[in-house]
Amino acid sequence: MLALVLTTLLLDRPLAIIGDTTVITQTELDLTIYLSGLVPNDSLRKLYLQSLIDHKILVEQALRESLSVSPEAVEQQLQTNWQTLSPLVDKLGLPTSDIKRLLRAKSRDDLLIYQLLQKHFPDELKLTDLELWSYYKEHRDSIITPPAVKCYLTFIPYRLDEGMSIAEQRLKHIITLFKNGVPFDSLLRFSDDTTALRTRGYVGNILISYLSATYGNRLLQLDRGDYSILPMPQGYLFLYVADRVAGFVSLYQLTIKAYPTPADTQATLDLLTHVKSLLREGDLHSLPSSVMLLSDGNTWLSLTDLPFTIEYDSITLHNPTTISTENGFFLMYALAKRPARRLGFDEAKPQLRSLLWNNKISYLSNQLLTDIRHTVPVVYLAKWQ
């Protein structure tokens, strides 16, 4: 499920170069994963990066064949995509400008790929009602709406007043050791990143021009052997420049996380009690600014789409349910619940049409990729590939 606080994308590093000029960055990849309903990790990045690369290969081929789309068609497609995703973007605090830029590029790419498939498979890009009915007959027992709930859904992050102070003291200790000549490798034992020992904290050989302006400008000021501190919502990053050549920096990082102390935890639990009372009264306007309102009770949320696992039979109406996580608490106040049920053909038809159309596009895209993949060079730059 989508993370409730977007991970700070500190380093917009290149992950792959397709053809001569097309670059896939970590921002593009991670936002794509978030919009798919998942939280980025290296395993998902490997999977989604290959999918993005395949997508860009088809776009390269479309451009080679002199195909084009009008700006008006791109904007129309963008608006369609944005209507679907904007509620999600607003709820989760995703950066609107980055999402729109990503969706605009994706809209243009999707239209180019569709033109390419039309050119190569003119007789196969059709979908009849008979195909829909045949699929429905074969799969009718599995065509169901999952259990759903209408609820107030909020996320309350841990208060980290003392926790951040402790993290800051740990950071000062690390800086003192570093300034006294302790090598960066020896400082990794203080890192809260579990992968740091395996990778030695290595981020990559980063081309500074690919970084966001804020962090690019900061790294431009660092010489070989220098460090910089970047604050995070729940801790700090200690960035170390091992080397720099021309526009590249060889970058390492050490992560200092802030953990809630007993006092922080109690303050969060007190806030939780207050929020429960507000939800019982339906007073959503008085929710503290630190609380994320993910659902206002007006729409049905599938249980499979919730950011935690909960059994349908365990949900009681008008009774706040608290779910603890590493970073805070979910609070669900159920107003109505709807059991799973099987859909009739007419009811399922719109979803079936979308499903089978996407399957057909995917099948034809894979056929074309098999023929052209070797003609488009791909350079992999990600350390975890």
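Below: a short report on this structure. (Residues numbered from 1 in each chain as written. Predicted model: local features only at pLDDT ≥ 70, side-chain atom pairs only at ≥ 80, totals over all residues. Heavy atoms only, no water.)

**Some points on the side chain of Asp-192**
- Relative to the assigned elements, Asp-192 resides in the loop between helix 7 (184-187) and helix 8 (196-199).
- Side-chain polar atoms of Asp-192 contact the backbone nitrogen of Lys-257, separated by 2.8 Å. (Helix = DSSP H or I, 4+ residues; strand = E, 2+ residues; numbered from the N terminus. Polar contact = N/O pair within 3.5 Å; in protein donor to acceptor, adjacent residues only side chain to side chain.)

**Some words on the packing of aromatic side chains**
- The final tally for this structure, using the stated rule, is 17 aromatic pairs.
- When the centroid spacing of 5.1 Å and the interplanar angle of 85 degrees are considered together, the rings of Trp-133 and Phe-345 count as edge-to-face. Linking Trp-133 in helix 5 (residues 129-139) with Phe-345 in helix 11 (residues 345-372), this pair joins segments that are 212 residues apart in sequence.
- When its relative accessible area of 33% is taken as the criterion, Trp-133 is described as partly exposed.
- Residue Phe-345 is classed as buried on the basis of its relative accessible area, which comes to 17%.
- Seen from their ring centres, Phe-184 and Phe-238 are 6.2 Å apart, and the 25 degrees between their planes marks the pair as stacked. Taken as a pair, Phe-184 in helix 7 and Phe-238 in strand 7 (residues 235-245) lie far apart in primary sequence, 54 residues in all.
- On the basis of relative accessibility, which here comes to 4%, the residue Phe-184 falls in the buried class.
- For Phe-238, a relative accessible area of 0% gives the class buried.
- Just above the ring of Trp-82 sits the side chain of Lys-100; from NZ or CZ to the centre is 4.9 Å. (Phe/Tyr/Trp six-rings, centres within 6.5 Å; stacked < 30°, edge-to-face > 60°. Buried < 20%, exposed > 50% of the residue type's maximum accessible area, 1.4 Å probe, protein only. Lys NZ or Arg CZ within 6 Å of the ring centre and 35° of its normal.)

**Side note on the pattern of salt bridges**
- With the rule as written, the count across this model stands at 18 salt bridges.
- The salt bridge involving Lys-56 is made with Asp-109; its shortest N-O contact spans 3.1 Å. On the criterion of sequence distance, the pair formed by Lys-56 in helix 2 (residues 42-64) and Asp-109 in helix 4 (residues 96-120) is long-range, its members being 53 residues apart.
- Since its relative accessible area comes to 10%, Lys-56 is described here as buried.
- For Asp-109, a relative accessible area of 3% puts it in the buried group.
- The shortest N-O distance in the salt bridge between Arg-159 and Asp-161 comes to 2.9 Å. (Salt bridge = Lys/Arg side-chain N within 4 Å of Asp/Glu carboxyl O.)

**What about the sheet that holds strand 14 (residues 378-380)?**
- A sheet is described by the order of its strands in space; here 3 strands give the open sequence 2-1-14, paired in antiparallel fashion. Looking at which strands have only one partner, the edges of the open sheet turn out to be strand 2 (22-25) and strand 14. Averaged over all adjacent pairs, the angle separating strand axes in this sheet is 20 degrees, with direction ignored.
- Contacting strand 1 (14-18) and strand 2, helix 1 (residues 26-35) runs over the sheet at an angle of about 60 degrees to strand 2.
- Against the sheet, helix 2 makes contact with strand 1, strand 2 and strand 14, and its axis sits at roughly 30 degrees relative to strand 1, the strand it touches most. (Pairing = 2+ DSSP bridges. Axes fitted to C-alpha atoms, helices over the stretch in contact; angles between N-to-C directions. Contact = heavy atoms within 4.5 Å.)

**Some remarks on the nonpolar core**
- Within the largest apolar cluster, 32 residues are counted, with the highest numbers of intra-cluster contacts made by Ile-156, Phe-184, Phe-238, Leu-254, Val-275 and Leu-279.
- Secondary structure elements with two or more residues in this core: strand 4 (148-157), helix 6 (161-179), helix 7, strand 7, strand 8 (248-257), helix 10 (262-281) and strand 12 (328-338).
- With 6 residues, the single largest contributor to this core is helix 6.
- Residues Ile-33, Leu-49, Leu-58 and Ile-113 belong to the second largest nonpolar core, which totals 29 residues. (Core = buried A, V, L, I, M, F, W, Y, C linked by side-chain atoms within 4.5 Å.)

**A short note on the environment of Ile-57**
- Here Ile-57 is to be found in helix 2.
- Residues Ile-57 and Ile-372 lie 315 residues apart in sequence; the distance between their C-alpha atoms is 8.2 Å.
- Residues in contact with Ile-57, not counting those within four places in the same chain, are Ile-18, Leu-369, Ile-372, Arg-373, Val-376 and Val-378.

Function cannot be inferred from these measures alone, as they are strictly geometric.
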